[in-house]
Amino acid sequence: MPAAYRIELRPGEYLHASIEQRGVDVVATLLDPAGRGLLSMDSPTGERGVEELFFVAEKGGAYLIQVRPFSKRSDGAYEMRTERRAATESDQARAAACLAVSEADAAGGDAASRQRAIRRLAEALELFRRAEEIYQEALTETRLGKALSVAGEVGAAAHHLEAALELYRQLGIENRQPALHNDLGVVYERLGAFEKARTSLDAAQASARSLGDLRESTAALNNLGLLEQDSNEPWKALELFDEALAGWRELKDRLGEAATLHNLGTLYTVLGQLPEARESLEGALGLYRSMDRRPKEAETLAALGWVRFLQGDTAGARAALRLSLDLRRATGQPRGEAVTLDRLGTLSRETGQLDQAIREYRQALVILERVGDSAGRARTLSNLGEALTLAGDAAGGLRCESDALEILARQGGASAEACARFRRARAEKALGSLEAAWADMRKAIPRLEEIRERAQSDDFRMTYLDSVHEQYELAVDLLMELHARKPGSGFDRQALEMAERRSEEHTSELQSHHD
């Protein structure tokens, strides 16, 4: 369905091309009389909406507008209208904004190029506001929010996406709202605002279904799965991911399928189901490589590297993680770089290379602080605290775990909080603060048991119980040391009760698992 339209323009003449898309996402490119490309527009409108191009000719002649579908799918239609007139000051602003957006869209994937694109989009936003182009203002707010999110500047991304949503509401444009709710849900989750994320993703799913938009409805299912996983509801996450995977396959959307396979792989990893995790991640990796999606390839390599480590392949794990780190640096993914550094730190910690682990965690923290990723900071602070405690710096470990818990108190996350409390308790025990350590363990254990009890699958409960065995052992050791310090205070009885309860639960779960 590619087509070309010849437009005669005089010097100083303004051109406004408006393309109404009806079931097809098109890209419009303007060529000068010599056939050189001047600008190209592909707004975040999807397959329904208006694509606009603004231009003021410096030289007269026959210009060409080429229109082609963004993807191979071409069963939709479009209608193009053009308007020409002597350029006004506002028209000059529109044309300058359009050029800035085109240049931002053409920017490379490295960090410096992304920052240039962000600057050009900010310039375009001001120009569209000056020209009172509210629709283009909304599209540019969306573009800028997405660009900032990719660059790891999630707080600023949320601000611009919220502004875009409000503008679409003012304009009465409903078909763009599901995608924006989805984007906002992801950004809110990265900021640790889980309730706002859930509200946005529920709105995305509801509005997408009301509009018959299977793509955005499926995206919402995938994003809700991620949120449930981060909220310690893995069984709900698994159901949502399975439903999303079916949706992507119905749509024949390989990119969406790869994303959900990756998410399934990370979920199976958390659950200790490593063969299933590896199968899902290798499926995602193959799809990403076939589409030359290097940033996503880097993300999946990081997850696959961790699975290899858990399966005992330390050399393979480090090779995959180093390749992931190189790709993330080459493609300008600061948040992803920090995630991979955090994984490398944990690999180093678990193989006894504590000094290297501490360096890797600290490198990750510098990046996470810069991009404003509070959830990532909490995770890496806790990991650093563990490494410091194991290296003999229990005081430093205590500070890190306390900082992590302060962040988690604001954003929630029962499992992460329980883990940080356990690690802080270990640091406190090493410092001789047994009462403080036991106070942390008293708060951590009920959270761990609550997570296990909420599980709807025997396999999930067994996996989770095994994963917290070390926490129970520390609690019993603490109680016995407290008993030695304060005989007659009942600590020995509590230690015995906890050991018996843990043993009974494990026996009960084994029996349930085999029945």
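An account of the accompanying structure is given in this report. (Residues numbered from 1 in each chain as written. Predicted model: local features only at pLDDT ≥ 70, side-chain atom pairs only at ≥ 80, totals over all residues. Heavy atoms only, no water.)

### Some points on the pattern of salt bridges
Enumeration according to the criterion identifies 34 salt bridges in this entry. Arg-10 is the salt-bridge partner of Glu-13, the closest N and O atoms lying 3.7 Å from each other. Relative accessible area serves as the criterion here: at 7%, Glu-13 is assigned to the buried category. Between Arg-423 and Glu-386 there is a salt bridge; the shortest N-O distance is 3.9 Å. Highlighted residues: Arg-423 in helix α17 (residues 414–430) and Glu-386 in helix α15 (residues 374–390), separated in sequence by 37 residues. In this pair, the class of Arg-423 matches that of Glu-386, namely buried. Several salt bridges share partner residues, and in doing so they unite Glu-83, Arg-85, Asp-91, Arg-94 and Glu-133 into one network. (Salt bridge = Lys/Arg side-chain N within 4 Å of Asp/Glu carboxyl O. Buried < 20%, exposed > 50% of the residue type's maximum accessible area, 1.4 Å probe, protein only. Helix = DSSP H or I, 4+ residues; strand = E, 2+ residues; numbered from the N terminus.)

### A word on the packing of aromatic side chains
One pass over the structure, following the stated rule, counts three aromatic pairs. Here Trp-306 and Phe-309 contribute two aromatic rings whose centre-to-centre distance is 5.0 Å and whose plane-to-plane angle is 35 degrees, an arrangement assigned as tilted. Here Phe-309 and Trp-306 lie together in helix α11 (residues 294–310), a separation of three residues that amounts to about one turn. For the pair formed by Trp-306 and Phe-309, the shared burial category is buried. (Phe/Tyr/Trp six-rings, centres within 6.5 Å; stacked < 30°, edge-to-face > 60°.)

### Focus: the sheet that holds strand β5 (residues 48–56)
Within the open sheet, the three strands sit side by side as β5-β2-β7. Their pairing is antiparallel. With one partner strand each, in any of the chains shown, β5 and β7 (77–86) form the two edges of the open sheet. Neighbouring strand axes in the sheet, compared pairwise and without regard to direction, differ in orientation by 15 degrees on average. Across nine bridges, strand β2 (residues 13–22) lies against β5 in antiparallel orientation. The partner of His-16 across the bridge, within β5, is Phe-54. Docked against the sheet, helix α1 (residues 89–105) engages β2, β5 and β7, running at close to 110 degrees with respect to β5. (Pairing = 2+ DSSP bridges. Axes fitted to C-alpha atoms, helices over the stretch in contact; angles between N-to-C directions. Contact = heavy atoms within 4.5 Å.)

### Thoughts on the packing of α11 against helix α12 (residues 314–330)
In the contact formed by α11 and α12, the axes pass within 8 Å of each other and the chain directions differ by 160 degrees. On the basis of their axis angle, the class for α11 and α12 is roughly antiparallel. The two elements α11 and α12 meet at a crossing, and its hand is left-handed. Between α11, through Arg-294, Glu-297, Ala-298, Glu-299, Leu-301, Ala-302, Gly-305, Arg-308 and Phe-309, and α12, the contact on the second element is made entirely by Thr-314, Gly-316, Ala-317, Ala-320, Leu-321, Leu-323, Ser-324, Leu-327, Arg-328 and Ala-330. A breakdown of the residues in the contact of α11 with α12 according to their chemical character gives ten nonpolar, four polar and five charged. (Parallel < 35°, antiparallel > 145°, perpendicular 65-115°, else oblique. Left-handed = near helix turned anticlockwise from the far one by under 90°. Nonpolar A, V, L, I, M, F, W, Y, C, P; charged D, E, K, R; others polar.)

### Brief notes about the nonpolar core
By size, the foremost hydrophobic cluster in this structure holds 65 residues, and its most contacted members are Leu-15, Leu-30, Leu-53, Phe-55 and Tyr-168. Sequence-distant contacts of Phe-55, defined by excluding residues within four places in its chain, comprise Leu-9, Glu-13, Tyr-14, Leu-15, Leu-30, Leu-38, Leu-39, Tyr-63 and Ala-95. Ala-258, Leu-281, Leu-301 and Leu-327 belong to the second largest nonpolar core, which has 23 residues in total. (Core = buried A, V, L, I, M, F, W, Y, C linked by side-chain atoms within 4.5 Å.)

### Thoughts on the environment of Val-154
Summarising the element assignment, Val-154 is placed in helix α4 (residues 154–171). Overall, the relative accessible area of 1% leaves Val-154 in the buried class. Spatially, the C-alpha atom of Val-154 lies 9.5 Å from that of Val-186, the residues being 32 residues apart in sequence. The contacts of Val-154, once residues within four sequence positions are left out, are Leu-148, Val-187, Arg-190, Leu-191, Val-371 and Gly-372.

### Re helix α6 (residues 194–211)
With 18 residues, α6 should cover 26 Å at 1.5 Å per step; its first-to-last C-alpha distance of 26 Å lies within 8% of that length. Burial in α6 covers these residues: Phe-194, Ala-197, Ser-200, Leu-201, Ala-204, Gln-205, Ser-207 and Ala-208. For α6, the elements touching its buried residues are α5 (177–190), α7 (214–230) and α16 (394–411). Immediately downstream of α6, the backbone of Gly-212 shows phi near 70 degrees, a positive value. (Expected span 1.5 Å × (residues − 1).)

### Structural notes on the side chain of Thr-218
Along the chain, Thr-218 turns up in helix α7. When sequence neighbours within four positions are dropped, the list of residues in contact with Thr-218 reads Ala-244, Gly-247, Trp-248 and Leu-251.

### Considering unusual backbone geometry
The backbone phi angle of Glu-132 is positive, close to 60 degrees, even though this residue is not glycine. Looking at the element boundaries, Glu-132 is found in the loop between α2 (111–130) and α3 (134–150). Of note, Asp-292 is a non-glycine position whose phi angle comes to about 55 degrees, a positive value.

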